[in-house]
Amino acid sequence: MAANATTERPPASPKPWTPTRGYALLLIAPAIVLALFFLWPLAQVVIRSVTEPAVGFENYVRIFATSTYVRVIAYTMMLAGTVALVTLLLAYPVAWMVSAMHGSILYLCLALILIPFWTSVVIRTFAWMVLFQRRGVLNSFLLSSGLIDQPLRLMHNSIGVHIGMVHILLPFMILPLLSSMRGIEPTIMRAASVLGANPLRQFIHVYVPLTMPGVSAGLLLVFISALGFFITPALLGGPANMTIAVLIEQQTSRLLDWPMASALATLLLAATVLLYVLYDRISRHLGAAGVFGG
Amino acid sequence: MKQRPGSRGLNSSDPTRRHLLASAAGLAVALPVIGFPAVLRAKPERMTIPNPGGALEEALKAAYFKTFTDKTGIEISGAPYADTAKIKAMVENNAVDTDVIFTDAADAAILAKQGLLEPLDFSVVDKSLFIPEAVHEHYLLADVAAYAMAWNTKSMSDDKRPKNWAEFFDPSTKPGQRSLWKYPAQTLEVAAMGAGQGRDKLYPLDLDGAFAKLDAVKSVLTWWDSGAQGAQLIIDGETDVGTVWNGRLYKPRKDGAPVNYTFDHCLYVCDSIVVPKGAKNKAEAMSFIANFTDPKNQAVFCKNIPYGPVNPATFSLLDAETKAALPNAPDNAKTAVFQNFGYWADNGSMIIERFNKWLLG
């Protein structure tokens, strides 16, 4: 830019044009799309929940006066929490192994992780049903081999829901873990070793803290996805494994009571946002305290 | 999953040119109200009719779509099922892009209650042709299916199976794993019958009695969520006796699967025809429904899918084998009862809360 250009219009353009600011402009289009097709409908949901059938909190009073809704919301949160933890425990070793691989074996492993990820949730849930039912593949095998003499109850209960959901959500955990693990410089681990840390210590005090961003991202992704699960709990769960999504569907499509459905959806949204904020605060706090190796 | 269309009424008059002219006159009166000058509106070249799809859509095409096109030249194409939520959104946002919809009758009753449907024009559609249960101000039953008792013939011989709902809900006299649809409508009706409520005074439902019957089978009960799953449970012997929608077991039984079912004490559940509020071609929609009433067309429908007609004149056009598969054929109808769709539209919310609470235990 010529010097006289800046002197001629002093305050209007305080910052020079930079590529970063240019890239920010690219965000305008997605922002408009999000505002129109996501934020606005979401706002309508929230508004409907307090304006119909009359202005006020009638729908919320009904929810909290009915023990069923409160129990289902609590169960949904707990289910999402335990699924996220189990997923983490299973995904961590897998991601750790895969992160050390190279070449075609790495690609093969990634394919094995991603292909199920691209398969329909309904199909994967039905596959578990075929395996798990009373006279399913697994029970038939165990019965005929004499390992058990009564069929195991593997579905229509919490066990079935957990297995199905963990399986479906594993890629959401493995992929963020993998990306943070592959970003760890091998030299850091060597440095720890040179400084006298044994392998266990290296792992706990150096490796794990460095993977915390992946752990956080994975836990959040899995937890929030699990909150909205519908098909898997409906098909693999028993009557007690009712999730909030099932109730919202009943109100939306069967009873056509949209204000009530909106109130339930708003509660789920509020709970999710609240948990996210809490989680963010805690991880910042721990991060600042150096616990996450930050 | 739970929807089956297929009723039809007899059309006393031929829905041809005269009808169209009459409908066009009706349209001319109606149109200024919705803001279109009548002269600008031509007969549509094509109509789209959402319906439950699958075998049902094939039957609808053969029986009603094709015959309507032959008479009027208006092409009809099927469209994916429009659930209540979709219809409500369409009507409320003034974006009604269909004129006729085949939908579950229980859904139709709720849509009617919320004022989302056009009233039917009974000057075009002759309601005297139908069984009385089929006729409602805003919807017409389209077929008669059954929520019926089915059993696996390998694990349950004919003398060991429950013969009625009282025995079904009493596992101590008729042992075996049970299955039911995990939804209060239909399931509570059969439970209430199990508790001794007569089919002639089934409504209002004896809810206390019905829930007590669910308690009685709780330890041997498997719930199903979709029609296919309900049928599969019985076919695989996962459960010994349970409820199904008859259309789901018709073919497996014919193909030799170890299953059987009975229309004794069954609950009639139905599809319906509705016209969404604000439909642009209301006159054509009514003449489509008039064509639907013709017993010749209903007979074609019943031969394609085992759901009964709503125009009783149809039965005289059917052979014995076809009639045996229809839930409301005279020989099958002796102990059956129609579901009361309006009852569920009025009480569904209260009952579903109680049902959910029961499920959670």
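Residues numbered from 1 in each chain as written. Chains lettered and ligands numbered in written order. Predicted model: local features only at pLDDT ≥ 70, side-chain atom pairs only at ≥ 80, totals over all residues.

**Student:** Explain the overall build of chain B here, please?
**Tutor:** Within chain B, the regular secondary structure consists of 13 helices and 11 strands. Considering chain B as a whole, with its 361 residues, one finds that 52% of them fall into the buried category. Contacts in chain B between residues far apart in sequence, at least 24 positions, make up 76% of those at least 6 positions apart. (Helix = DSSP H or I, 4+ residues; strand = E, 2+ residues; numbered from the N terminus. Buried ≥ 20, exposed ≤ 12 C-beta atoms within 10 Å, placed from the backbone. Contact = placed C-beta atoms within 7 Å.)

**Student:** Mind showing me how you'd approach the overall build of chain A here?
**Tutor:** Of regular secondary structure, chain A possesses 14 helices and zero strands. Taken over the C-alpha trace, chain A has a radius of gyration of 25 Å; the compact-globule value for 294 residues is 19 Å, which it surpasses by more than 25%. Residue burial in chain A is summarised as follows: out of 294 residues, 28% are buried. In chain A, the proportion of contacts linking residues at least 24 apart, taken out of those at least 6 apart, comes to 72%. (Rg over C-alpha atoms; globule rule 2.2 N^0.38 Å.)

**Student:** Which parts of the structure should I look at to understand the interface of chain B and chain A?
**Tutor:** By a widely used convention, the size of an interface equals the accessible area lost when the partners come together. Between chain B and chain A, the residue contacts involve 22 residues of the former and 18 residues of the latter. Where the side of chain B that touches chain A is concerned, the elements lending two or more residues are helix H3 (84-92), strand S7 (221-224) and helix H13 (341-360) of chain B. For the side of chain B that touches chain A, the element with the highest residue contribution is H13(B), accounting for eight residues. Of the residues assigned to the side of chain B that touches chain A, the class counts are six nonpolar, eight polar and eight charged. (Nonpolar A, V, L, I, M, F, W, Y, C, P; charged D, E, K, R; others polar.)

**Student:** I would appreciate a short explanation of the pairing of strand S6 (residues 178-181) of chain B in the present structure.
**Tutor:** Regular strands have side chains that alternate between both faces of the sheet. Residues and elements named next belong to chain B. Taking every second residue as pointing to the same face, both faces of S6 are buried, with Arg178 and Leu180 on one and Ser179 and Trp181 on the other. As judged from the four bridges shared by S6 and S7, these two strands associate in the parallel manner. Bridge pairing in S7 places leucine 180 opposite tryptophan 223. Pairing analysis gives two bridges linking S6 to strand S8 (residues 241-245), with the strands arranged parallel. (Pairing = 2+ DSSP bridges.)

**Student:** In this structure, what is going on with the sheet that holds strand S10 (residues 271-274) of chain B? I would like to understand it.
**Tutor:** Sheet strands pair via backbone hydrogen bonds, and the direction of the pair is either parallel or antiparallel. Across the sheet, three strands lie side by side as S3-S10-S4 (chain B); this open sheet has antiparallel pairing. Strand pairing shows two members of the sheet lacking a second neighbour, strand S3 (101-104) and strand S4 (140-141) of chain B, which therefore form its edges.

**Student:** Even after reading the chapter, I still don't get unusual backbone geometry, so can you show me in this structure?
**Tutor:** Backbone phi values are negative for most residues with the exception of glycine, while trans is the configuration of most peptide bonds. Between Glu52(A) and Pro53(A) the backbone carries a cis peptide bond, its omega angle lying at -5 degrees. Relative to the assigned elements, Pro53(A) resides in the loop between helix H3 (28-51) and helix H4 (58-65). Residue Pro204(B) is bonded to the preceding Tyr203(B) through a cis peptide linkage, with omega at -5 degrees. Tracing the chain through its elements places Pro204(B) in the loop between helix H6 (184-194) and helix H7 (207-217). Phi is positive for His156(A), close to 60 degrees, though the residue is something other than glycine.

**Student:** Just checking my understanding: could you explain the packing of helix H5 (residues 67-99) of chain A against helix H11 (residues 199-227) of chain A for this structure?
**Tutor:** Two quantities define a packed helix pair, namely the angle between the axes and the distance from one axis to the other. All names here are of chain A. Their axes nearest at 8 Å, the elements H5 and H11 cross at an angle of 140 degrees. On the basis of the axis angle, H5 is oblique to H11. Where H5 crosses over H11, the handedness of that crossing is right-handed. Residues Thr76, Leu79, Ala80, Gly81, Val83, Ala84, Thr87, Leu88 and Ala91 of H5 lie in contact with H11, whose contacting residues are Val215, Gly218, Leu219, Val222, Phe223, Ala226 and Leu227. Its residues assigned to classes, the contact of H5 with H11 shows 12 nonpolar, four polar and no charged. (Axes fitted to C-alpha atoms, helices over the stretch in contact; angles between N-to-C directions. Parallel < 35°, antiparallel > 145°, perpendicular 65-115°, else oblique. Left-handed = near helix turned anticlockwise from the far one by under 90°.)

**Student:** Any chance you could explain the sheet that holds strand S5 (residues 145-152) of chain B here in plain terms?
**Tutor:** Residues and elements named next belong to chain B. Across the sheet, which stays open at both edges, the six strands sit in the order S7-S6-S8-S5-S9-S11 with mixed pairing between neighbours. Taken across any chain shown, the strands that pair with only one partner, and hence form the sheet edges, are S7 and strand S11 (337-338). Helix H8 (residues 227-235) rests against S5, S6, S7, S8 and strand S9 (259-269) of the sheet, and its axis sits at about 145 degrees to S8.

**Student:** How should I be thinking about the domain arrangement of chain B in this particular structure?
**Tutor:** All names here are of chain B. For chain B, the domain assignment lists domain 1 (17-144 + 270-324) and domain 2 (145-268 + 342-360). Relative placement of domain 1 and domain 2: their C-alpha centres are 31 Å apart. Tallying the contact residues gives 10 residues for domain 1 and nine residues for domain 2. In terms of residue class, the side of domain 1 that touches domain 2 is built from eight nonpolar, no polar and two charged. (Domains from an automatic or database assignment.)

**Student:** Would you explain the confidence of the model for chain B in this entry?
**Tutor:** Any segment with low pLDDT has predicted coordinates that should not be analysed in fine detail. Residue and element names in this part refer to chain B. Of the residues in chain B, 88% reach a pLDDT of 70 or more, and the chain-wide mean stands at 88. In the predicted structure, residues 1-17 sits below a pLDDT of 50 and forms 82 contacts with residues beyond four places in sequence or in another chain. Confidence over residues 27-39 falls short of pLDDT 50; this stretch has 10 contacts with residues more than four positions distant or in other chains. For this predicted complex, the interface confidence score (ipTM) comes to 0.72, while the overall pTM stands at 0.78. (pLDDT = per-residue confidence, 0-100.)

**Student:** Got a minute to help me understand the packing of helix H2 (residues 54-72) of chain B against helix H11 (residues 295-304) of chain B in this structure?
**Tutor:** All names here are of chain B. Close contact between H2 and H11 brings their axes to 8 Å; oriented N to C, the two are set at 165 degrees. Considered as vectors, H2 and H11 are oriented roughly antiparallel to each other. In terms of crossing hand, the pair formed by H2 and H11 is right-handed. Residues Glu58, Ala59, Ala62, Ala63, Tyr64 and Thr67 of H2 lie in contact with H11, whose contacting residues are Asn297, Gln298, Val300, Phe301 and Asn304. Considering only residue class, the contact of H2 with H11 consists of six nonpolar, four polar and one charged.

**Student:** Is there a simple way to explain the nonpolar core in this structure?
**Tutor:** Buried together is how nonpolar side chains tend to be arranged in soluble globular proteins. Counting residues in each nonpolar core, the largest one holds 157 residues, and the members touching the most others are Leu169(A), Ala226(A), Leu264(A) and Ile289(B). When residues in this core are grouped by element, the largest group, 12 residues, is from helix H9 (residues 158-182) of chain A. Both domains that furnish three or more residues to this core are identified here as domain 1 (17-144 + 270-324) and domain 2 (145-268 + 342-360) of chain B. Leaving out residues up to four positions away in the same chain, Ala226(A) has contacts with Leu79(A), Ala80(A), Val83(A), Ala84(A), Met165(A) and Leu169(A). (Core = buried A, V, L, I, M, F, W, Y, C linked by C-beta atoms within 7 Å.)

**Student:** Where do I start with the environment of Phe141(A) in this structure?
**Tutor:** Residues and elements named next belong to chain A. Structurally, phenylalanine 141 is set in helix H8 (residues 137-144). The class for phenylalanine 141 is exposed, based on 12 C-beta atoms found within 10 Å. Distance in space between the C-alpha atoms of phenylalanine 141 and isoleucine 224 is 36 Å, their sequence separation being 83 residues.

**Student:** Got a minute to help me understand the confidence of the model for chain A in this structure?
**Tutor:** The predicted model of chain A averages 86 in pLDDT, with 91% of residues at 70 or higher. Confidence drops under pLDDT 50 across residues 1-7 of chain A; counting only partners more than four residues distant or on other chains, this segment forms two contacts.

**Student:** Explain the environment of Leu360(B) here, please?
**Tutor:** If you trace the backbone, Leu360(B) turns up in helix H13. Judged by the 15 C-beta atoms lying within 10 Å of it, Leu360(B) falls in the partly exposed class. Each residue touching Leu360(B), except ones within four places of it in the same chain, is listed here: Thr68(A), Arg71(A), Ala240(A) and Met242(A).

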